[in-house]
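In case you want the letters, here they are:
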Amino acid sequence: MESTILTLKTILLNDTQSTITLTQRESDLLLYFTRHKNTVLKRQDILKAIWGDDDYFMGRSLDVFISRSEKVFAEEDTISIENIHGIGFRFSEKV
């Protein structure tokens, strides 16, 4: 019988005071935001980029992921995730 080994990759977000474990989707969302920082991103574009054509995923669930990300960066003065009413979101980083 052949043996199968499953290795899961852990995604960590580190700063000088703490380490936060992110889910794969949270990591994908954060990476997408950082690649498009300071740009207003349409909700539909984010859903398509991160979840693809998965009809099961409801758009409002994106808000849960955004909310968690906002909590992660709550104490970080240089990073913000802004809800642009009726359009989508903007991830901003002040340098």
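Let me sum up the structure you'll find in this document. (Residues numbered from 1 in each chain as written. Predicted model: local features only at pLDDT ≥ 70, side-chain atom pairs only at ≥ 80, totals over all residues. Heavy atoms only, no water.)

### Notes on the nonpolar core
The nonpolar side chains of soluble globular proteins are, as a tendency, buried together.
Argument step 1. Core analysis: the largest hydrophobic core is formed by 18 residues, its most contacted members being L29, F33, I46 and L62.
Argument step 2. Secondary-structure elements contributing two or more residues to this core are α1 (24–35), α2 (43–51), α3 (59–72), β4 (79–84) and β5 (88–93).
Argument step 3. Setting aside residues no more than four positions away along its own chain, F33 makes contact with L41, I46, I66, I81, F89 and F91. (Core = buried A, V, L, I, M, F, W, Y, C linked by side-chain atoms within 4.5 Å. Buried < 20%, exposed > 50% of the residue type's maximum accessible area, 1.4 Å probe, protein only. Helix = DSSP H or I, 4+ residues; strand = E, 2+ residues; numbered from the N terminus. Contact = heavy atoms within 4.5 Å.)

### Some details on the packing of aromatic side chains
Argument step 1. Considering all chains together, one arrives at three aromatic pairs under this definition.
Argument step 2. Between W51 and F65 the ring centres are 5.2 Å apart and the planes differ by 70 degrees, which places this aromatic pair in the edge-to-face class. Linking W51 in helix α2 with F65 in helix α3, this pair joins segments that are 14 residues apart in sequence.
Argument step 3. With a relative accessible area of 8%, W51 lands in the buried category.
Argument step 4. What makes F65 buried here is its relative accessible area of 18%. (Phe/Tyr/Trp six-rings, centres within 6.5 Å; stacked < 30°, edge-to-face > 60°.)

### As for unusual backbone geometry
Argument step 1. Positioned with a positive phi, N38 is a non-glycine residue whose angle comes to about 60 degrees.
Argument step 2. By secondary structure assignment, the location of N38 is in the loop between α1 and β3 (40–42).
Argument step 3. In this structure N38 comes out as partly exposed when scored by relative accessible area, which is 45%.

### Some details on α2
Argument step 1. Of the residues making up α2, those classed as buried are R43, I46, L47, I50 and W51. Taken end-on, α2 shows its buried residues confined to a sector of 100 degrees, consistent with a single buried face.
Argument step 2. G52 lies just past α2 and shows a positive phi near 65 degrees. (Arc of directions from axis to C-beta.)

### Here's the deal with the environment of R90
Argument step 1. Of note, R90 is situated in strand β5.
Argument step 2. On the basis of relative accessible area, R90 is assigned to the partly exposed category, the value being 24%.
Argument step 3. For the pair formed by R90 and K37, sequence separation is 53 residues and the distance between their alpha carbons is 7.0 Å.
Argument step 4. Setting aside chain neighbours within four positions, we find R90 in contact with N38, T39, V40, S80, I81, E82 and I84.

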